[in-house]
Amino acid sequence: MGISKECLAVSDYIIEKVRKDNLGKTLRDTTFIYRKRLQKLLYFSEVIYMLENEGETLFPDEYFIWGSGPVIPGVYKTYFGEELHPVSNGLENKLTAKEKRAIELVLVMTKGIPTMELIDLSYGPVFASEDRYTVSKEKIYDYFLNRSLFELGPGRKPGKEKVKVKVKSNRI
């Protein structure tokens, strides 16, 4: 299982934003990013992006159901170690303003929320899935469409009509 360039770009953007936010902070105020947290930040970034863009996805990678909720195995295999580092050689610079906005919104909304709580929050679509190994982006989108887990920003109201999820193809 590989990882798309889009997913690499989003992952690296998250890692860089967290690292820059940590500059000058005391150890107590530092946000640590490990693989599990990166997975949840990717997941919720995609949720927010889909909700704000009528089902369009951030990346084409499929979510698999693991013990820690929906994950992208390629991310787990690509990023490892005590401290995560970008690996895409600048692909994160190709993200659009809309993509960056969704990611940054998630980083603000999840600040201070323990990783285990984010894992718990990610399980909803898993329980709604008929498949025991994967959860579709359509299921994820439909699940969060009528829930107010996060403040979704201007113009977004729970209960909006369902739309077909548009999975992005490789574009970077």
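Quick note: structure is the one above.
Worth saying up front: this structure is predicted, and the values here are computed from it rather than measured.

Criteria and thresholds
- Residues numbered from 1 in each chain as written.
- Predicted model: local features only at pLDDT ≥ 70, side-chain atom pairs only at ≥ 80, totals over all residues.
- Heavy atoms only, no water.
- Helix = DSSP H or I, 4+ residues; strand = E, 2+ residues; numbered from the N terminus.
- Buried < 20%, exposed > 50% of the residue type's maximum accessible area, 1.4 Å probe, protein only.
- Contact = heavy atoms within 4.5 Å.
- Areas by Shrake-Rupley, 256 points an atom, 1.4 Å probe, with all protein chains shown as cover.
- Expected span 1.5 Å × (residues − 1).
- Salt bridge = Lys/Arg side-chain N within 4 Å of Asp/Glu carboxyl O.
- Axes fitted to C-alpha atoms, helices over the stretch in contact; angles between N-to-C directions.
- Parallel < 35°, antiparallel > 145°, perpendicular 65-115°, else oblique.
- Nonpolar A, V, L, I, M, F, W, Y, C, P; charged D, E, K, R; others polar.
- Polar contact = N/O pair within 3.5 Å; in protein donor to acceptor, adjacent residues only side chain to side chain.
- Core = buried A, V, L, I, M, F, W, Y, C linked by side-chain atoms within 4.5 Å.
- Pairing = 2+ DSSP bridges.

**Student:** Teacher, can you tell me more about the overall build of the chain here?
**Tutor:** When helices and strands are tallied, the chain shows seven helices and three strands. Shown N-terminal to C-terminal, the secondary structure of the chain runs as helices and strands in the order α-α-β-β-α-α-α-α-β-α. The buried share of the chain, reckoned over its 172 residues, is 47%. Considering only contacts in the chain between residues 6 or more positions apart, those separated by 24 or more positions represent 78%. In the form shown here, the chain has an accessible surface area of approximately 9,000 Å², with 54% of it arising from carbon and sulfur atoms.

**Student:** Honestly, helix α1 (residues 5-22) in this entry has me stumped. Any pointers?
**Tutor:** Note on helix geometry: an α-helix contains 3.6 residues per turn, so any two residues three or four positions apart are oriented the same way. A rise of 1.5 Å per residue sets the reference length of α1, with its 18 residues, at 26 Å; its end C-alpha atoms lie 26 Å apart and thus fit the reference within 8%. Those residues of α1 that fall on the buried side of the exposure criterion are E6, C7, L8, A9, V10, S11, D12, Y13, I14, I15, V18 and N22. On the buried face of α1, the contacting elements are α2 (35-52), α3 (73-78) and α4 (97-110).

**Student:** Looking at this structure, how should I read the pattern of salt bridges?
**Tutor:** A side chain with one charge may pair with a side chain of the opposite charge, provided their charged atoms come close. Tallying each qualifying case throughout the model produces five salt bridges. Between K17 and E104 there is a salt bridge, with its nearest N and O atoms 3.7 Å apart. Here K17 is found in helix α1, whereas its partner E104 is found in helix α4, with 87 residues between them in sequence. A salt bridge links K111 to D21; the shortest N-O distance between them is 2.5 Å.

**Student:** Is there a simple way to explain the packing of α2 against helix α7 (residues 137-145) in this structure?
**Tutor:** Any two packed helices are characterised by the angle at which their axes cross and by the distance between the axes. One way to put it is that α2 packs onto α7 with a least axis distance of 10 Å and a crossing angle of 70°. Considered as vectors, α2 and α7 are oriented roughly perpendicular to each other. Between α2 and α7, the residues in contact are Y43, F44, E46, V47, M50 and L51 and K137, I140, Y141, F144 and L145, respectively. When its residues are assigned to classes, the contact of α2 with α7 shows nine nonpolar, no polar and two charged.

**Student:** I keep staring at the side chain of Q39 and nothing clicks. Help me out?
**Tutor:** With respect to the secondary-structure elements, Q39 resides in helix α2. In this structure the side chain of Q39 is engaged in a polar contact, spanning 2.9 Å, whose partner is the backbone nitrogen of I72. If sequence neighbours within four positions are ignored, Q39 has contacts with V71, I72, V75 and Y76.

**Student:** What should I look at first to understand the nonpolar core in this one?
**Tutor:** One broad trend across soluble globular proteins is that nonpolar side chains are buried collectively. Judged by nonpolar contacts, the single largest core of 44 residues is most densely connected at V10, I14, L38, L42, F59 and I140. For this core, the secondary-structure elements that each account for two or more residues are α1, α2, β1 (63-66), α4, α5 (115-122) and α7. Broken down by element, this core gets its largest block of residues, ten residues, from α2. Residues contacting I140, with those up to four places away along its chain left out, are Y43, V47, M50, Y63, P125 and V135.

**Student:** Help me understand the environment of G67, please; the structure alone is not making it clear to me.
**Tutor:** Within the secondary structure, G67 sits in the loop between β1 and β2 (69-71). A relative accessible area of 72% places G67 in the exposed class. Placed 56 residues apart in sequence, G67 and Y123 show a C-alpha to C-alpha distance of 9.8 Å.

**Student:** Please clarify how the sheet that holds strand β3 (residues 134-135) should be interpreted in this entry.
**Tutor:** Across a sheet, paired strands are connected by hydrogen bonds in the backbone, their directions being either parallel or antiparallel. If you walk across this open sheet you meet the three strands as β2-β1-β3, and the pairing is antiparallel. Two strands in the sheet have a free side with no partner beyond their single neighbour: β2 and β3. Relative to β2, β1 runs antiparallel, the two being bridged by three bridges. Across the sheet, residue W66 finds its bridge partner in β2, namely G69. Packing of α2 onto the sheet brings it into contact with β1 and β2, and relative to β2 it is tilted by some 90°.

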